[in-house]
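# Structural overview
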Amino acid sequence: MIIGRYMRRHTNVNYVRPGVSPNHPMFGRYLSTVGFPQAQTVYYHWRHWYQPGHLWLTYPSHLQHPSSSFSTVRHPSSRPPRPPNPYNWSSWRQTGILPHAQPRRDLQLSAGLMDRCKSEPPQKRRRSTDGRQAGDKSQRSPERSPPKGSRSPKGSPEWLRNVTGTPVPPGTFPSGPNKSPSTPELKRHWEDLSHLCKAAPSMNGGRQKWPFDFSVMSYNILSQDLLCDNTYLYRHCHPPILDWHHRYPNIIKELEQHSADIMCLQEVQEDHYNQQIKPSLESLGYHCEYKRRTGLKPDGCAVVFKRERFSLVSCHPVEYFRRGIPLLDRDNVGLIVLLRPIDPHSSLTNICVANTHLLYNPRRGDIKLAQLAVLLAEISRVAQLPDSSVCPVLLCGDFNSVPWSPLYRFIKDSRLEYDDLPIGKVENPATFPHSDFFRTHFNLYDLLILQVSGQEENPRGQRILTVPIWPRSLGISQQCQYESRTTDSDLRDLEQAELDGFTKPSIEHCLKLTSAYSHYLKESGHPEITTCHSRTAITVDYVFYSAALGDVMAQAECSVPPEKGLQLLGRLSLVGEDELQKVNGLPNQHNSSDHLPLLTRFRLHPRVDG
């Protein structure tokens, strides 16, 4: 039997040292992956001594194989002494092989295991439940894997560097003090916009009807499983704050403190949800709905709401994976709920709440657009009213896209022209709002994802978005609507119209949405930050909503009648990179996710009867 590259081992000999499980890794593998000279010397001699033909290696008679070439029993006096104990350094020094000095304890991994000290760990090949191989080029690429040309740790801000400067293998935390140093709390304030909204009750049939005010949160709480798989993103963190026993109480305390009427949570780990998060939230008066990601990842999306303020009309999980469609081969999901406000004094329309976490991979903006199209088509179906209009919509989540990117503009503008739009070409930064700051504070990686998704360094040239982006077999039109089948008499005209639509490099949707945040700080003009770790600090989380006519954030052409839209009353302010630097980034002692929660308050006006 051949073990590794050099060592041949006999099948009937137990090579495991006493008291150690047979599953213990071989000594040779320990020393072949460490990079100091003494270890390499020991490994060379140890391998030589353990060759099956070496004189000292004699097998007990009851272990000798009848056909083995090692069946000759040599006289003890003809044998050389046994080699030193491979697990005892002093015995190697006594033979003179090693000098009488203590071996170094700060072992550095060799170049064969890590390219350099601060390189992120290699991604594992993952297989989903249906046998799809994650590492195959024809299938998905590993999520959260840094793209080519992405920011290296050397390019990260100095304050986001590893607190110890040592390599961080997957599943472990950087070494550090047992007790985290005290850090100040992040200061966020409430931005009150209610003075810009009319609060007077409406009159209907001589009876007053008051508006319905409610709060909404969107929060990526950081799955512990993903944290452990991507510890290179948290080099700046002190180890104790990354432990779930520290993080969970902080997260629940934060949710309870904000006490939002509706909460859209992402990266909710299923076992933590069932055993801890759901029972805690239910005890606080919430109703909980959850959708786990497809495949093997144990996290998903949750939508929870206060039972005293809303009742559940319907719940609609959305899976983006579609067998047979290569563009939709990822395991991301969404979750849509239709809620009825509880108010005995007013007649209110339902509210459609959608929560999602789109693909991370910065190089695959085409996949993100296709996932978004699936979600928008389902929202349009769920939110449709009898008069073919739609009820107020809230679209929350982690979209893994920055403000002013094509995906962001598609959501806000309801249309995207993508003719000759490269998936990986950098847009001109001068066209972005606050472009001077973006050029100064964001490196190439951050500017890349301002395009559809990012850059894929391909010597054959840039990849261009195909027309159409998703195939007709998906059953979703270029207007992000489910396609319907009609009678034979109209079929040919419909097919021709659909064909024309699928040959135009544009996509649309019928929802008029705007963002509850402006994405830059009013005082300094610097970008707002919603996520921050050792690699970057940007905005990827959003609360989009159907803005009513006269709303402070709405454009006139993107607003709806008051009873079919929402007015923004206020929001919890976001912060910039300077403020995050003072608290050692995210996560920290007080903020236990690498994202900040978005908290908003809206007003829904009552319907006008008759």
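Shown above is the structure to which this text applies.
Residues numbered from 1 in each chain as written. Predicted model: local features only at pLDDT ≥ 70, side-chain atom pairs only at ≥ 80, totals over all residues. Heavy atoms only, no water.

## Side note on the sheet that holds strand S11 (residues 333-341)
Strands pair in a sheet through their backbones, by hydrogen bonds, and they do so in one of two ways: parallel or antiparallel. In space, the six strands of this open sheet follow the order S10-S11-S12-S13-S19-S16, with mixed pairing throughout. Edge positions in the sheet fall to strand S10 (310-319) and strand S16 (513-515), since each has one partner strand and no second. Between one strand and the next, the sheet's axes are offset by a mean angle of 20°, whatever the strand orientation. The strands touched by helix H8 (residues 406-413) within the sheet are strand S13 (393-398), S16 and strand S19 (541-546), with S16 carrying the most contacts at an inclination of about 125°. (Pairing = 2+ DSSP bridges. Helix = DSSP H or I, 4+ residues; strand = E, 2+ residues; numbered from the N terminus. Axes fitted to C-alpha atoms, helices over the stretch in contact; angles between N-to-C directions. Contact = heavy atoms within 4.5 Å.)

## Brief notes about helix H7 (residues 365-382)
Helix length check: H7 (18 residues) gives 26 Å between terminal C-alpha atoms against 26 Å at 1.5 Å per residue, within 8%. When you tally the buried positions in H7, you get 17 out of 18 residues, the bulk of the element. (Expected span 1.5 Å × (residues − 1). Buried < 20%, exposed > 50% of the residue type's maximum accessible area, 1.4 Å probe, protein only.)

## Notes on the nonpolar core
Among the nonpolar cores identified, the biggest contains 59 residues, and Phe214, Leu255, Met263, Val353, Leu394 and Phe602 are the most heavily contacted of them. Aside from chain neighbours lying at most four places away, what touches Met263 is Met217, Leu255, Leu281, Tyr286, Ala302, Val303 and Val304. Ala354, Leu372, Leu395 and Tyr542 belong to the second-largest nonpolar core, a separate cluster that totals 46 residues. (Core = buried A, V, L, I, M, F, W, Y, C linked by side-chain atoms within 4.5 Å.)

## Details of the pairing of strand S21 (residues 598-604)
With six of its seven residues buried, S21 lies for the most part within the structure. With seven bridges connecting them, strand S6 (residues 212-220) and S21 associate as antiparallel partners. Its bridge partner being in S21, Ser215 is matched across the sheet by Arg601.

## A few points about the packing of helix H5 (residues 244-258) against helix H6 (residues 270-283)
The N-to-C vectors of H5 and H6 enclose an angle of 30°; their axes lie 11 Å apart at closest approach. With respect to each other, H5 and H6 are oriented roughly parallel. As H5 runs across H6, the sense of the crossing is right-handed. Residues Trp244, Tyr248, Ile252 and Leu255 of H5 form the contact with H6, whose participating residues are His272, Gln276, Ile277, Ser280 and Leu281. Its residues assigned to classes, the contact of H5 with H6 shows six nonpolar, three polar and no charged. (Parallel < 35°, antiparallel > 145°, perpendicular 65-115°, else oblique. Left-handed = near helix turned anticlockwise from the far one by under 90°. Nonpolar A, V, L, I, M, F, W, Y, C, P; charged D, E, K, R; others polar.)

## Things to note about unusual backbone geometry
Here the amide bond leading from Val467 into Pro468 is cis, since omega sits at -5°, within 30 degrees of zero. Notably, Asn400 is not glycine yet its phi reads approximately 45°, a positive angle. Tracing the sequence through the fold places Asn400 in the loop between S13 and H8. Even without being glycine, His519 reaches a positive phi, approximately 75°.

## Observations regarding the packing of aromatic side chains
Scanning the entire structure with this criterion turns up 12 aromatic pairs. When the centroid spacing of 5.9 Å and the interplanar angle of 50° are considered together, the rings of Tyr408 and Phe544 count as tilted. Here Tyr408, found in helix H8, pairs with Phe544, found in strand S19; they are 136 residues apart in sequence, far enough to count as distant. The residues Tyr408 and Phe544 share a single accessibility class, namely buried. (Phe/Tyr/Trp six-rings, centres within 6.5 Å; stacked < 30°, edge-to-face > 60°.)

## Structural notes on the sheet that holds strand S3 (residues 190-192)
Ordered by their spatial adjacency, seven strands build an open sheet running S3-S20-S21-S6-S7-S9-S8, and the pairing between neighbours is mixed. Across the chains shown, the open sheet's two edge strands, defined by having one partner strand only, are S3 and strand S8 (286-292). Strand-to-strand, the axes of this sheet are offset by a mean angle of 25°, without reference to chain direction. Against the sheet, H5 touches S6, strand S7 (262-269), strand S20 (566-572) and S21, its axis set at about 165° to S6. Taken strand by strand, H6 contacts S7, S8 and strand S9 (299-306), and its axis lies near 165° from that of S8.

## Observations regarding the side chain of Asp551
Structurally, Asp551 can be placed in the loop between S19 and S20. In this structure, Asp551 is buried with no salt-bridge partner, the nearest side chain bearing the opposite charge being Arg571 at 8.3 Å. Among the polar contacts listed, one links the side chain of Asp551 to the backbone nitrogen of Leu568, at a separation of 2.6 Å. If we skip the residues at most four places from it in the chain, Asp551 touches Tyr545, Leu566, Gln567 and Leu568. (Lys, Arg positive; Asp, Glu negative; His and termini not counted. Salt bridge = Lys/Arg side-chain N within 4 Å of Asp/Glu carboxyl O. Polar contact = N/O pair within 3.5 Å; in protein donor to acceptor, adjacent residues only side chain to side chain.)

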